[in-house]
Amino acid sequence: MTNALEITNLRKSYGDVQALDGVSLTVPEGSFFGLLGPNGAGKTTFISILVGLVRKSGGEALVFGHDVETDYRAARDAIGLAPQEFNVDRFFPIHEVLEHKAGYHGIPAAEARVRAADALKRVGIYDKRNTRFDWLSGGMKRRFMIARALVTEPELLILDEPSAGVDVQLRRDLWDLVTELNEQGTTILLTTHYIEEAERLCDEVAILDSGRVVAVASPEALKGRGADHITIHLHNAPHSRPQLLVGDDRVESIEWNDDQLIVTAREGGLIAPTLVRELDREGLEIVDMEIARTSLEEIFVEMTHSGVDRTPSDQDEKEHAAPIATDGGHGERTQ
Amino acid sequence: MSAIDRLAARTPLPVGFYTLTKREILRYVRRPKNTFAPPLITNILYFSVFGVVLGARVGEIIGVPYILFILPGLIVLGAISNAFENASFSIFHGRWNEYIHETLTSPLSYTQMVWAYIISAAFRGLLVGVIIAAVGVAIISSLYQPVPVENPFYLMAFMIVIVLLFASLGVVGGLLATDFDDLTMMNQFILRPLVFFGAVFYSLNDLTPLLRDISLLNPMVYMVNGVRYGFLGVAEVDPNLSLAVLAGATVVVASIDVWLFKRGYGLTD
């Protein structure tokens, strides 16, 4: 099977800033792949290279085996991109914008019209088809971005922060939609700040930090790398504190606080029965026990140092990527 | 699906190229108040003031009424301005609001992208040229004499070449501009002076030998001269040479456009 993405030692520098520093990744066809990283980690630069909006400084990027520079037409034809920014043609009603996008991908006008209608129905804004993008509500705009990515029926759907700033209902609709597409065979590449989203949807995630891949694994496997917390409340504080879990190298720390015991260890669920037995042997009565599994978010923060205060910021990254400064106003000047 | 879409579907035109060209043409065709009304009004004023009022004092130049003498120049002025403005504005506006990404992320070849912008902008230049010609012919025919078209082939050939050339230059302008003011500056401080000193309103024979030689460095002279030759059959410079030079310049500038797109100049980072 061809991989949807084969990225080898991909690099991009903006002057002294190394936005991507040797990224290597493989995204299997049909997978649901998440790209996580703090602001400025290089996620948008990575995606922009795939679709031709940013030129790589080095390395290789293949989309379904097509090089993004030497075979750019085939590579771009395979991709449907829903970017975070609203980069939509404001001159035309939204159904025409979709028809044009389909046409650019070689889809004849008659079929493009049908596909545009289908895409708008799929995201639930068909009744707004004759409206221009500027007149849509924020949630509808986000839905339209998805429709535009879908209208070419791409083999690889790239969603860059699709649920940023959307309400819960739309987020769930979006999750249902992309899950359905993935089940139908579309490969999905998702970048997100919502760890829950990645955890819920992705087969595999890559964590990107300062332009480097620091981990690639399934969300479950990543969570297995972190420590769980077992908190036990005893009926009475022990007169002397017993030695527990001696020789188990999964244990990172054991803390006593009067009648409360906190054990920090990997694979906390597996350790807990042994711990309970040892406490029982010591004659200590347990009144409550709780195992707090490591969240993917904690792993993410740990792997990316803090998850915040990155340099350059997302805005820096965007400014590097954009050839001209914009006022964000999308003014409608006509000549 | 329009009749034009159906017609295009029967041709070997690449669908992507056709779609982008159609999108670009629809953008201005649907806004006649912005695109066609201004040259219409401006040229009615030009013909009225320069042609009728001042023309009565000037009399005849190269054997024709002054208003007829300036007709080809005004057509050239309107056509090339619109071809240039359309290409430069469309590309720059797309960059400014980033919707040009819809095109750039599509599987169109760079050559297809460039020629879609050039042809659609050139078409606008031709349409404006036809509007100005219609205004001029209506006024001149009603007040003076019928307007001759002595060399229709040259008239068409020159019009097509010059709008393609300036649409190609407009693509460069749209890629180079970093602000809307840059577009205004290109039009007001480069294009317009060249046109006004391009023998639109006067004959080269009225100039001193030195000024005449300097004027021959201005490419507009050859364009105005060529279109005038198409209408009046009178040329102050060899029309064949002019046509060849302008066609060559068009090929060179369009090639530069494609090269800039391939490099991603002003489009990608």
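A quick note: this is a predicted structure, and the numbers were derived from the prediction, not measured.

So, how was this worked out
- Residues numbered from 1 in each chain as written.
- Chains lettered and ligands numbered in written order.
- Predicted model: local features only at pLDDT ≥ 70, side-chain atom pairs only at ≥ 80, totals over all residues.
- Heavy atoms only, no water.
- Helix = DSSP H or I, 4+ residues; strand = E, 2+ residues; numbered from the N terminus.
- Buried < 20%, exposed > 50% of the residue type's maximum accessible area, 1.4 Å probe, protein only.
- Contact = heavy atoms within 4.5 Å.
- Areas by Shrake-Rupley, 256 points an atom, 1.4 Å probe, with all protein chains shown as cover.
- Lys, Arg positive; Asp, Glu negative; His and termini not counted.
- Charge placed at Lys NZ, Arg CZ, Asp CG, Glu CD.
- Pairing = 2+ DSSP bridges.
- Axes fitted to C-alpha atoms, helices over the stretch in contact; angles between N-to-C directions.
- UniProt positions renumbered as here; feature names shortened; annotations may be inferred.
- 1 Å grid on protein atoms, 1.4 Å probe; cavity = no way out; pocket = protein on both sides within 12 Å on 5 of 7 lines; lining within 4 Å.
- Points joined across faces, edges and corners; volume = space filled by probe spheres on them.
- Polar contact = N/O pair within 3.5 Å; in protein donor to acceptor, adjacent residues only side chain to side chain.
- Buried area = accessible area lost by both parts, 1.4 Å probe.
- Salt bridge = Lys/Arg side-chain N within 4 Å of Asp/Glu carboxyl O.
- Phe/Tyr/Trp six-rings, centres within 6.5 Å; stacked < 30°, edge-to-face > 60°.
- Core = buried A, V, L, I, M, F, W, Y, C linked by side-chain atoms within 4.5 Å.
- Parallel < 35°, antiparallel > 145°, perpendicular 65-115°, else oblique.
- Left-handed = near helix turned anticlockwise from the far one by under 90°.
- Nonpolar A, V, L, I, M, F, W, Y, C, P; charged D, E, K, R; others polar.

Draft legend 1. Focus on the overall build of chain A. What chain A contains, in helices and strands, is 11 helices and 14 strands. Taken across its 335 residues, chain A has 51% of its residues classed as buried. Expressed as a percentage of contacts within chain A between residues at least 6 apart in sequence, the contacts between residues at least 24 apart total 69%. Looking at chain A as shown, the accessible area adds up to about 14900 Å², and 44% of this sits on carbon and sulfur atoms. Side-chain charges in chain A split into 35 positive and 57 negative, and the spacing between the mean points of these groups amounts to 7 Å.

Draft legend 2. Structural context of the sheet that holds strand E6 (residues 79-82) of chain A. Residue and element names in this part refer to chain A. Within the open sheet, the six strands sit side by side as E6-E7-E8-E3-E9-E10. Their pairing is mixed. Single-partner strands in this sheet number two, and they are E6 and strand E10 (212-217). Put simply, the sheet's adjacent strands are angled 15 degrees from each other on average, direction ignored.

Draft legend 3. Spatial organisation of the UniProt feature "transmembrane region" (unreviewed entry) in chain B. Residues and elements named next belong to chain B. UniProt records the feature "transmembrane region" (unreviewed entry) at residues 36-56, 63-84, 114-141, 153-177, 189-204 and 241-261, using the numbering of this structure. Taken end to end, residues 189-204 comprises 50% helix and 0% strand; its first and last C-alpha atoms sit 22 Å apart. Annotation note: span residues 241-261, helix share 100%, strand share 0%, distance between end C-alpha atoms 30 Å.

Draft legend 4. The arrangement of empty space enclosed by the protein in detail. Inspection of every chain in the model, using the stated rule, returns five cavities of 30 Å³ or more. In terms of lining residues, the largest cavity is bounded by 14 residues, among which Leu81, Lys101 and Arg148 of chain A together with His101 and Thr105 of chain B are the most central. Those elements that place two or more of their residues in the lining of the largest cavity are E6 of chain A together with helix H6 (101-104) of chain B. Considering every element that reaches the lining of the largest cavity, the biggest residue donor is E6 of chain A, with three residues.

Draft legend 5. Representation of the side chain of Asn218 of chain B. All names here are of chain B. You can see Asn218 is positioned in the loop between helix H10 (209-215) and helix H11 (219-232). Given the relative accessible area of 7%, Asn218 is considered buried. Within the local environment of Asn218, its side chain forms a polar contact with the backbone nitrogen of Met220, the two atoms lying 2.9 Å apart. For Asn218, the residues in contact, after removing those within four places along its chain, are Leu194, Phe197 and Gly198.

Draft legend 6. Up close: the interface of chain B and chain A. On the side of chain A, 49 residues touch chain B, which itself brings 45 residues to the contact. With both chains or domains summed, chain B and chain A bury close to 4300 Å², and 54% of this area falls on carbon and sulfur atoms. Taken as a group, Glu102, Pro107 and Asp269 of chain B account for 18% of the area that chain B buries against chain A, more than any other trio of residues on that side. A salt bridge links Arg23 of chain B to Asp89 of chain A; the shortest N-O distance between them is 2.7 Å. Where chain B packs against chain A, one counts 19 residue pairs in polar contact (both at pLDDT 80 or more). Elements supplying a minimum of two residues to the side of chain B that touches chain A: helix H2 (15-29), helix H3 (32-35), helix H5 (66-96), H6, helix H7 (110-143) and helix H12 (239-263) of chain B. Per-element tally for the side of chain B that touches chain A: the top contributor is H2 of chain B, with seven residues.

Draft legend 7. Quick look at the packing of aromatic side chains. Residues and elements named next belong to chain B. One pass over the full model with this rule turns up 16 aromatic pairs over all chains. Aromatic pair Tyr46 and Phe201: ring centres 6.4 Å apart, planes at 55 degrees, arrangement tilted. A residue pair is termed long-range when its members are at least 10 positions apart, and Tyr46 in helix H4 (residues 37-58) and Phe201 in the loop between helix H9 (180-196) and H10 qualify at 155 residues. An aromatic cluster of three or more residues is present, and its members are Phe89, Phe92, Trp96 and Phe180.

Draft legend 8. The nonpolar core, seen in detail. Phe46, Leu50, Val63 and Phe144 of chain A together with Phe261 of chain B are the most contacted members of the largest nonpolar core, which has 166 residues in total. Per element, the largest residue contribution to this core is 19 residues, and it comes from H5 of chain B. In this structure Phe144 of chain A touches Val88, Ile94, Val97, Leu98, Leu120, Ile125, Phe133 and Leu136 of chain A, once residues within four positions along its chain are discounted.

Draft legend 9. Structural context of the packing of H5 of chain B against H11 of chain B. Residue and element names in this part refer to chain B. At a minimum axis distance of 9 Å, the contact between H5 and H11 shows a crossing angle of 125 degrees. When the axis of H5 is compared with that of H11, the two are oblique. Judged by the sense of rotation from one axis to the other, the crossing of H5 with H11 is right-handed. Taking contact as the criterion, the partners of Leu68, Phe69, Leu71, Pro72, Gly73, Ile75, Val76 and Ile80 in H5 are, on H11, Met220, Met223, Val224, Val227, Arg228, Phe231 and Leu232. Its residues placed into classes, the contact of H5 with H11 shows 13 nonpolar, one polar and one charged.

Draft legend 10. How the structure looks around unusual backbone geometry. All names here are of chain A. Backbone geometry at Asn9 places phi at a positive 50 degrees, although glycine is not the residue there. You can see Asn9 is positioned in strand E1 (residues 3-14). On the accessibility criterion, Asn9 (36% relative accessible area) is partly exposed. The residue Phe64 is not glycine, and still its phi comes out positive at about 50 degrees. By secondary structure assignment, the location of Phe64 is in the loop between strand E4 (58-63) and strand E5 (66-67).

Draft legend 11. Fine view of the layout of surface pockets. Its boundaries defined by the atoms lining it, the largest pocket holds a volume of some 770 Å³. Along its surface, the largest pocket is lined by 36 residues, and Ile4, Asp5, Tyr18, Thr21 and Lys22 of chain B are the ones closest to its centre. Elements represented by at least two residues in the lining of the largest pocket include exactly helix H3 (94-104) and helix H4 (109-122) of chain A together with helix H1 (3-9), H2, H7 and helix H8 (152-176) of chain B. With nine residues, the top contributor of residues to the lining of the largest pocket is H2 of chain B. Tallied by class, the residues present in the lining of the largest pocket amount to 23 nonpolar, seven polar and six charged.

Draft legend 12. Broad picture of the side chain of Arg76 of chain A. Structurally, Arg76 of chain A can be placed in helix H2 (residues 72-77). One buried charged residue, Arg76 of chain A, remains without a salt bridge, the closest side chain of opposite sign being Glu69 of chain A at 7.7 Å. Each residue touching Arg76 of chain A, except ones within four places of it in the same chain, is listed here: Val51, Gly52, Val68 and His105 of chain A together with Leu104, Thr105, Ser106, Pro107, Tyr110 and Met113 of chain B.

Draft legend 13. Local environment of the UniProt feature "domain: ABC transmembrane type-2" (unreviewed entry) in chain B. Sites flagged by UniProt as "domain: ABC transmembrane type-2" (unreviewed entry) map to residues 30-264 of chain B. Each end of residues 30-264 of chain B is marked by a C-alpha atom, and these two atoms are 30 Å apart; helix forms 78% of the span and strand 2%.

Draft legend 14. View of the sheet that holds strand E11 (residues 228-234) of chain A. All names here are of chain A. Within the open sheet, the four strands sit side by side as E12-E13-E11-E14. Their pairing is antiparallel. Edge positions in the sheet fall to strand E12 (251-257) and strand E14 (286-292), since each has one partner strand and no second. For this sheet, the mean inter-axis angle between neighbouring strands, taken without regard to orientation, is 15 degrees. Where E11 lies against strand E13 (residues 260-265), six bridges are found, and the strand directions are antiparallel. Bridge pairing in E13 places Asp228 opposite Ala265. Strands in contact with helix H9 (residues 268-281) are E11, E12, E13 and E14; relative to E11, the strand with the most contacts, it is inclined by about 25 degrees.

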